[in-house]
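Structural characterization, general
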Amino acid sequence: MILRMNKVRVLGPREQYPEALCVLQDTGVVHLTVPGLDGRLLPLRLSTWQERESGHLRRLLVDVEALLEALPTTGAGVGEASRAGHPGGLPARRDLTRWARLVSGLRPEVLGLRGEMAALAEEHALLSKYGPFLSTFGVILRSERAWPHIAAYHVILPAQEESAVAGLKTALVLVLGEGFALETRRLPGGDIALLMLVPEADALRVESLLAAAGVHEIPVPSGYEARSLAQALPRMMDRLESIPQELREREEELERLTALHRHELCNARRGLHDRLRTLGAMPLLGATQRVFVIEGWVPVAESDRLAESLATSLGGETALEVIDDHPRGEDVPVALRNPGFLRPFEIIVRLLPLPSYGTVDPTPLVAGFFPLFFGFMLGDVGYALVLAALALLLARRSTPGSLLRSVAAVAGTCAFWSLAFGVAFGEAFGNLGREHLGIHAVVFDREEALESLLLLAVAFGFVHILLGLALGVFTTRRHPREAAGRALTAGIVVAGVVALGVVVGYLPEIALLPAAGALVVALVALVAVEGVLAFVELLSAFGNILSYSRLMAIGTASMMLAVVANDLGSAVSVPVLGVFVAVLFHLVNFVLGVFSPTIHSLRLHYVEFFGKFYRPGGMPYRPFGHWDPGAGWT
Amino acid sequence: MELLAVTLGAALAVGLTALATGWAQSKIGAAGAATIAERPELTSTVIIMLAIPETMLILGFVVAVLILTRVG
C-alpha cells in the first residue's frame, strides 16, 4: 500500500535550527521541501565558511573511502566496524580534526603497502615463468659452475616447433662434431625446454647458428642481467621462495592497521556523510531575522513521534504543525509499505515509475497473479522442482533485503504455482512423468484439452481485467465521468461475456435476455457519458481479455517442446547418448520456459492490467536522515 | 481436399502472424538496442516492448488450434 502522508511545518527561533535539523536527521522521517517563500522568509544560504567546510569534508570523505577500499575486507576489526551502532548526532569539531589527522597519517602507509604488494605480486608472476625450466634441468644447472670452460644455452621452443630440435642437432653436429650436449624436456604446458652445453671456444659459432635458425635464448630478467641464466636461476628461485613470506608480512601489517583503524574510519565515513547531508539540507530551510521554517512530508503514523522528539529535544519554543492532512497532487512523495511476504514483489512494480499518491499500490495483486500466470504457463512438476532448487540456492547465497533475495522469493512462489499446475495437468518433464512415473492429469491433459486450456486462460483474463477496471473506478473516484465510464465498461464486459457464454452453450439460455438488456442499456449510458470514443476503450478491454490466451499458447508450446525433448531422446539408439540429448533439450526448454512466462506475465500486468488503473508519476519518498550504506546518497 | 484446406488455413494463421511479429520485433529490437546503449536502466522496459507484438503470433496460434480442433 501507499503510505498516507501529512505535510508538516517546523517553526522555531532561528538560533535553534541546527538542533532542529539534528532531531529531524535522528528521526529520519521527514521528506524536506522548500517552504513557501515571500519577501520576509528567505532560503537559509550556506555561509562562506560552511561552503569551505563542505568542500573540505568532501575531499576528506574521498580519502576515507579510498582507505576503506584499500584495507582488507576480512580479518579483525571488520566485524566490529560493521556491528558498530550509529553514533547519533553530528560529528563534533574535534572528531573532524581527529579523522583528518588519522587519514593524513594512514593514507601514505596503507597505499605504500598496497603498492609494495602489487610490485611483489608482479615480480612473483615474472619469476614463476622460469620455474618450469629450473625444475626440468635443476640438477644439470646446479652443477654448471663445476664446468669452467663450458657455455650453457637455455631455450624454450613452442610445442608446434618440436621438429626444429632435430634440425638444430644436425646443424650442431656439422659445426661441432660430437663436442656438445643437447638435452630436451617437454614442459607441463606442452612447450619444449632445451639445454645446450658447448665448449666456450665454440660459443660464438653456436650463437651465430642459433641466430640464423631464429632461436632465442630465454632472457634474463632485470636485476639479474650481469649473470648468465645458469647463475641467475638459483638466485631467482630463492627470490621466488622468499616473495610469499614478504607478501604475508605486508598482509599482516595491513590486517594490523585494519584492526586498529577500520572501526574509526567507518565512523568517520558515516559522520562525514551525515555532516554533508546536513549542509546539503540547509538551503531547503526558510528563515527570517528571528525564526526558521522547515517544511516537509511525514508519514501519518510517524507524525506524533516526530512531534514528541522535537518537544523533548528542543522544549516548547519549537513547534510542529500539520499544514495538510489530506494532500493530493504529484508533489506528495510516495512510499510503498507492504507486509514482508509481499515485499519481494515490489521489484516488479518498481520496474515502472512509482504510482502517484492517492492511487493504488498494485503489489499485493501482483503477488497473487504474477506467480499464478507463470505457474499456469510453465505447469510442470519437474521444471518446478528445478526452479525451486535454484530459488533456494539463490536465497542461501543472497543477503536479506537484497534484490537477489527478492528474486529468490518471487522465483520460489512461481515454482510453487508451477508445481500446483504441473500436478493439475499431470506433467513432469513433459509426458515423461505420465509414461514412466505413473503421474496422471488431475484436471485435464494440456496435450489433448486445448480448448479447455484456452477457456481457462481467457477466464483468467476476464477476472484480471474486471479487477483492473474496478481499481480504475477507485483511482478515478474524484473524476465522476471517468469513473462512471470505467464502471460501465466493466458492466458491458460482464454482460458481453455472459451473452457469449449463452451463445456458445456454456451458460443457460435464461441468462441471455438480462445480459442482452444490460448490454444495451450500458452501451447507451457509456456513449452518453464518454461519447462515441468510449467504444475504443471498450474494444480494447475485450482485446485485452483475449490477450490472455497467450497463457494457453505459451504453456502449450512449453509442453510440446518438453515432449519433443523426450521423443528425441528415446529416438537415439545409444541409451547414454539419448539421455544426454533429452537432458540438453530439457535444459534449453527450461531456460525458455522460465524466460518466456516471466516476460509475458510481466507484459499482461504492465500493459493489460495496469493500463486500466495505474497512474505512474509518484515522487519517491526520501526522508532526511542518517547516511545508510545500503541507500548510498549524499 | 478438405484436409489440405484445413491444414493450409492453420499454417497460414501461424505463418503470416509469425512474419508480422518478426517484422515488428525487428524494428522494435533495433530501436531497443539503441535505447539500451544510451540508457541501460530501460532494459526491462525494452524487453517488455519487444514482447508486445507477440500478441499477433499468439492469437494466430490460437486461431490455428481452433481451426485444427473445430474444423479438422
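Residues numbered from 1 in each chain as written. Chains lettered and ligands numbered in written order. Predicted model: local features only at pLDDT ≥ 70, side-chain atom pairs only at ≥ 80, totals over all residues.

**Here we look at the overall build of chain A**
Each helix and strand counted, chain A has 20 helices and 11 strands in total. By principal-axis analysis of the C-alpha atoms, chain A measures approximately 115 × 85 × 40 Å. When each of the 634 residues of chain A is scored for burial, the buried share is 33%. In chain A, of all internal contacts separated by at least 6 residues, the share reaching a separation of at least 24 is 78%. (Helix = DSSP H or I, 4+ residues; strand = E, 2+ residues; numbered from the N terminus. Buried ≥ 20, exposed ≤ 12 C-beta atoms within 10 Å, placed from the backbone. Contact = placed C-beta atoms within 7 Å.)

**With respect to the packing of helix α19 (residues 550–571) of chain A against helix α20 (residues 575–609) of chain A**
All names here are of chain A. Close contact between α19 and α20 brings their axes to 7 Å; oriented N to C, the two are set at 170°. On the basis of their axis angle, the class for α19 and α20 is roughly antiparallel. Along the contact surface, α19 presents Arg-550, Ile-554, Ser-558, Leu-561, Ala-562, Val-564, Ala-565, Asn-566, Leu-568, Gly-569 and Ser-570, while α20 presents Gly-578, Val-579, Val-581, Ala-582, Phe-585, His-586, Asn-589, Gly-593, Ser-596, Pro-597 and His-600. Here the residues of the contact of α19 with α20 are counted per class, giving 11 nonpolar, 10 polar and 1 charged. (Axes fitted to C-alpha atoms, helices over the stretch in contact; angles between N-to-C directions. Parallel < 35°, antiparallel > 145°, perpendicular 65-115°, else oblique. Nonpolar A, V, L, I, M, F, W, Y, C, P; charged D, E, K, R; others polar.)

**Looking at the confidence of the model for chain A**
Mean pLDDT for chain A: 85, with 92% of residues reaching 70 or above. Per-residue pLDDT, averaged within each element of chain A, yields its smallest value for helix α3 (residues 78–83) of chain A (45) and its largest for helix α11 (residues 363–378) of chain A (95). (pLDDT = per-residue confidence, 0-100.)

**Re the pairing of strand β6 (residues 192–199) of chain A**
Residues and elements named next belong to chain A. Where strand β4 (residues 150–157) lies against β6, 8 bridges are found, and the strand directions are antiparallel. Counterpart to Tyr-153 in the pairing with β6 is Met-196. Here strand β5 (residues 181–186) runs beside β6; their pairing, made up of 6 bridges, is antiparallel. Counted as the bridge partner of Ala-181 is Leu-197 from β6. Adjacent in sequence and paired antiparallel, β5 and β6 are bridged by 5 residues, among which Gly-190 carries a positive phi angle near 105°. (Pairing = 2+ DSSP bridges.)

**Considering the environment of Phe-345 of chain A**
Assignment of secondary structure puts Phe-345 of chain A in the loop between β10 (333–334) and α10 (346–349). In contact with Phe-345 of chain A, not counting residues within four places along its chain, are Thr-363, Val-366, Ala-367, Phe-370 and Val-410 of chain A.

**Here's the deal with the sheet that holds β5 of chain A**
All names here are of chain A. An order of β4-β6-β5 is seen for the 3 strands of this open sheet, with the pairing classed as antiparallel. This sheet does not close on itself; its edge strands, each paired only once, are β4 and β5. Sheet twist, expressed as the mean angle between neighbouring strand axes with direction ignored, is 15°.

**Re the environment of Leu-19 of chain B**
Tracing the backbone through its elements, the reader meets Leu-19 of chain B in helix α1 (residues 2–38). Sequence spacing of Leu-19 of chain B and Met-56 of chain B is 37 residues, and the spatial spacing of their C-alpha atoms is 9.7 Å.

**Thoughts on the interface of chain B and chain A**
By a widespread convention, an interface's size corresponds to the accessible area lost as its parts come together. Each side of the interface is counted separately: chain B has 12 residues, and chain A has 15 residues. Secondary-structure elements contributing two or more residues to the side of chain B that touches chain A are α2 (43–51) and α3 (54–71) of chain B. Sort the elements by how many residues they give to the side of chain B that touches chain A and α3 of chain B lands first, with 7 residues. The residue makeup of the side of chain B that touches chain A, split by class, is 9 nonpolar, 3 polar and no charged.

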